[in-house]
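Here are the chains, one letter per residue:
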Amino acid sequence: MIDDRTGMIDDRTGMIDDRTGLLSPEGRVVMISGANRGFGLAIAKRLHADGYRLSLGARRLEALKDAVAPFADERVLQCRFDAEDAPTARTWVDATVRHFGRLDGLVNNAGILRLHDLEDYDEAAFDAMLEVNLKAPYRLTVAALPHLRKSGAGRIVNINSRSGLRYVAGSADYNISKFAGIALNHGPRVEYWADGVRTTAVCPGPSATEMNAVAAGRDLTRPETIATIVSLVIALPNNASVPILPVCSDLEAGV
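A short tour of the structure in this document, coming up. In every chain, residue numbers begin from 1 and rise along the written sequence. In keeping with the predicted nature of the model, local features appear solely for residues at pLDDT of at least 70, side-chain atom pairs appear and are counted solely at 80 or more, and the whole-chain, interface and lining totals rest on all residues. Excluded from the side-chain calculations are hydrogens and water; all other atoms, namely the structure's heavy atoms, are used.

### Description of the packing of helix α1 (residues 38-50) against helix α6 (residues 223-235)
The angle between two axes is taken between their N-to-C directions and runs from 0 to 180 degrees, where each axis is a line fitted to C-alpha atoms and a helix contributes only its stretch in contact. Strands are runs of DSSP state E lasting at least 2 residues, helices are runs of H or I lasting at least 4, and numbering of each runs from the N terminus. Interhelical geometry of α1 versus α6 gives an angle of 50° and a closest axis separation of 8 Å. Here α1 lies oblique to α6, going by the angle between them. Judged by the sense of rotation from one axis to the other, the crossing of α1 with α6 is right-handed. Counting all contacts with α1, which are made through G38, F39, A42, I43, R46, L47 and D50, the residues of α6 involved are P223, E224, I226, A227, T228, V230, S231 and I234. Working rule for angles: under 35 degrees goes down as roughly parallel, over 145 as roughly antiparallel, 65 to 115 as roughly perpendicular, anything else as oblique. Each crossing gets its hand from how the near helix is turned against the far one by less than a right angle, where anticlockwise is left-handed and clockwise is right-handed. Two residues qualify as a contact provided that any one of their heavy atoms is within 4.5 Å of a heavy atom in the partner residue.

### Focus on a nonpolar patch on the surface
On the surface, a cluster of nonpolar side chains totalling about 340 Å² of accessible area is made up of L118, Y167 and F179. Relative to the helices and strands, Y167 is located in the loop between β8 (155-159) and α5 (172-191). Here the term patch refers to residues with relative accessible area over 30% and no salt bridge, with like charges joined within 9 Å and nonpolar side chains (Val, Leu, Ile, Met, Phe, Trp, Tyr) within 5 Å. Residue exposure ignores everything except the shown protein chains as possible cover, and the areas themselves are Shrake-Rupley values with a 1.4 Å probe. Here a salt bridge means any side-chain nitrogen of Lys or Arg lying within 4 Å of a carboxyl oxygen belonging to Asp or Glu.

### Observations regarding the environment of R114
Relative to the elements of secondary structure, R114 occurs in the loop between β7 (105-108) and α4 (123-151). Along the sequence, R114 and G170 sit 56 residues apart, while their C-alpha atoms lie 8.8 Å from each other. In this structure, R114 is in contact with D120, D122, A125, M129, G170, S171, D173 and Y174, ignoring residues within four places of it in sequence. Separated by 3.5 Å, the side chains of R114 and H116 make a polar contact. N or O atoms within 3.5 Å of each other form a polar contact, as long as, within protein, one can give a hydrogen and the other can take it, and as long as residues adjacent in sequence are counted only when both atoms are side-chain atoms.

### Considering the pattern of salt bridges
Inspection of every chain in the model, using the stated rule, returns 15 salt bridges. Residues R162 and E252 are paired through a salt bridge, measuring 2.4 Å at the closest nitrogen-oxygen approach. Taken as a pair, R162 in the loop between β8 and α5 and E252 in the segment after β10 (244-247) lie far apart in primary sequence, 90 residues in all. Here's how the labels work: a residue is buried when its accessible area is under 20% of the maximum for its type, exposed when over 50%, partly exposed in between, all with a 1.4 Å probe on protein chains only. For R162, a relative accessible area of 2% puts it in the buried group. Residues joined in a network through salt bridges with shared partners are R162, R166, D250 and E252.

### Re the nonpolar core
Here, nonpolar core refers to any group of buried Ala, Val, Leu, Ile, Met, Phe, Trp, Tyr and Cys residues whose side-chain atoms link them within 4.5 Å. In terms of nonpolar packing, the biggest core is built from 31 residues, with I32, I43, L56 and I159 touching the most fellow members. Elements that contribute at least two residues to this core include exactly β4 (29-33), α1, β5 (53-58), α2 (61-68), β8 and α6. With seven residues, the top contributor of residues to this core is α6. In this view, I32 contacts G40, I43, A44, L47, L54, S55, L56, G57, W92 and V107; residues no more than four positions away in its chain are not counted.

### So, the sheet that holds strand β9 (residues 198-204)
Reading across from one edge, β6-β5-β4-β7-β8-β9-β10 is the order of the seven strands in this open sheet, with parallel pairing throughout. Since the sheet does not close on itself, it has two edges, and those belong to β6 (76-80) and β10, each with one partner. Each strand of the sheet is rotated relative to its neighbour by a mean of 15°, with strand direction disregarded. Bridge count between β4 and β5: five bridges; the pairing is parallel. Note that in β5 the partner of V30 across the bridge is L54. Strands β4, β7 and β8 of the sheet are contacted by α4, whose axis makes an angle of about 170° with β7. Contacts from α6 reach β4, β7, β8, β9 and β10 within the one sheet, and its direction differs from that of β8 by about 155°. In this description, strands pair whenever DSSP reports at least two bridges between them.

This is the structure we're talking about:
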């Protein structure tokens, strides 16, 4: 049913703007990991401007507070989340729900990169890569799922990489973690589709972040562009899911 006063369609998942066909951000709560810089900070700025309530997580809480100070208000909760400290995942989710009373979205953004030859295998470095890029978002996803299912329009966005879609020499650990991340992206969507859970793996190529300093000087994708993409996919209604979205700053055959 369309409300003539608001132009919104009311259904069990929330209000859908009849003009755009998108979910309204009003009242919706989104968690973003690694929100103190790069993609995470750009996404936080954009979703705050859109009108979402945000729970922002980062390993260094003081750095997070400094980064988000220009827009921090009553709609912004700041929490410590360390991808290598397993209990902080559930602690952060619990704090978010306790503070806002609900959870509608999760953006798994925190990640690390190591460049190396395939034969340069380092057990500790590989374990760290999997811990941050795979196990940490898995833990957050599991902790958030009961609340996302209750939402009826729960959204998970995994900031993945084109390295999760094809193999490029020079970053074996990273490629492996990101390929596995695609499976993690599909899991909640497949298992909880009937509950309205939708997932998107946003897969940028070279981008203008600290992680991609090696690509400096090239025409790189800006974090603000990725933030705009995230803003769109979390607002898509249940009947318009986009599971994987490659983002290219350069021409690459097959992507």
